[in-house]
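Residue-level structure breakdown
Now for the letters of each chain:
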Amino acid sequence: MGDSVPPMDIDEFYEADPNRRASAELELGTEWLDKDGVRHELNYVEDTGELYVLREPAPHVTEDPFGGLHVSAPPGYDDKMTVHVIAKIASVDDVHTILNGWPEAMQGDHGADWLGERLRSAGVAVGPGGDPIAD
């Protein structure tokens, strides 16, 4: 265990490690929007120490002849949600310490930059192979 995983859908994420499904999870932001308006969620799995981002796919936007924008969710939209494990953090207390200020930061345009900087400076950020990412 201990290794991060490449991006996968939420079902694959839970199926890959039974400890994830049985664990308590801490929700750290369910309405975080990136600069393109794509919704993300930040969650922490207590039993595995994984901090992960659940990313919704970008919605399909079309413009009608009168300039109106129409957002639609194509078939299979929910299947395209991906999970990215971005950090390994030892405890809930450490999560709160490292992410102090996150509720405000996620509301801004540079939430992802803020999050990455905090995780790297704390030495807990991981890449897709589970290798630590240095500050």
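1. A few points about the pattern of salt bridges
Opposite charge on two side chains lets them pair, provided their charged atoms get close. Tallied over the full model, the rule gives 4 salt bridges. Arg 39 serves as the salt-bridge partner of Glu 31, at 3.8 Å between the closest nitrogen and oxygen. Across the salt bridge formed by Arg 39 and Glu 41, the nearest N and O atoms sit 3.1 Å from each other. When sorted by exposure, Arg 39 lands in the same class as Glu 41, which is buried. Linked through salt bridges whose partners overlap, the residues forming this network are Glu 31, Arg 39, Glu 41 and Glu 56.

2. Observations regarding the side chain of Glu 41
Relative to the assigned elements, Glu 41 resides in strand E3 (residues 39–45). Exposure remark for Glu 41: the relative accessible area of 15% places this residue in the buried category. At a separation of 3.1 Å, a polar atom in the side chain of Glu 41 contacts the side chain of Arg 39. Leave out the neighbours within four places in its chain, and Glu 41 touches Gly 29, Thr 30, Tyr 52, Val 53 and Leu 54.

3. Considering the packing of aromatic side chains
For the coordinates displayed, the defined rule picks out 4 aromatic pairs. Geometrically, the ring pair formed by Phe 13 and Tyr 52 is tilted, given 4.8 Å between the ring centres and 50° between the ring planes. In this pair, Phe 13 sits in helix H1 (residues 10–16) while Tyr 52 sits in strand E4 (residues 50–55), placing the two residues 39 residues apart along the sequence. Looking at Tyr 52, the relative accessible area reads 2%, which means it is buried. Site record: aromatic cluster; members linked through ring pairs are Phe 13, Tyr 14 and Tyr 52.

Rules of the game
Residues numbered from 1 in each chain as written. Predicted model: local features only at pLDDT ≥ 70, side-chain atom pairs only at ≥ 80, totals over all residues. Heavy atoms only, no water. Salt bridge = Lys/Arg side-chain N within 4 Å of Asp/Glu carboxyl O. Buried < 20%, exposed > 50% of the residue type's maximum accessible area, 1.4 Å probe, protein only. Helix = DSSP H or I, 4+ residues; strand = E, 2+ residues; numbered from the N terminus. Polar contact = N/O pair within 3.5 Å; in protein donor to acceptor, adjacent residues only side chain to side chain. Contact = heavy atoms within 4.5 Å. Phe/Tyr/Trp six-rings, centres within 6.5 Å; stacked < 30°, edge-to-face > 60°.

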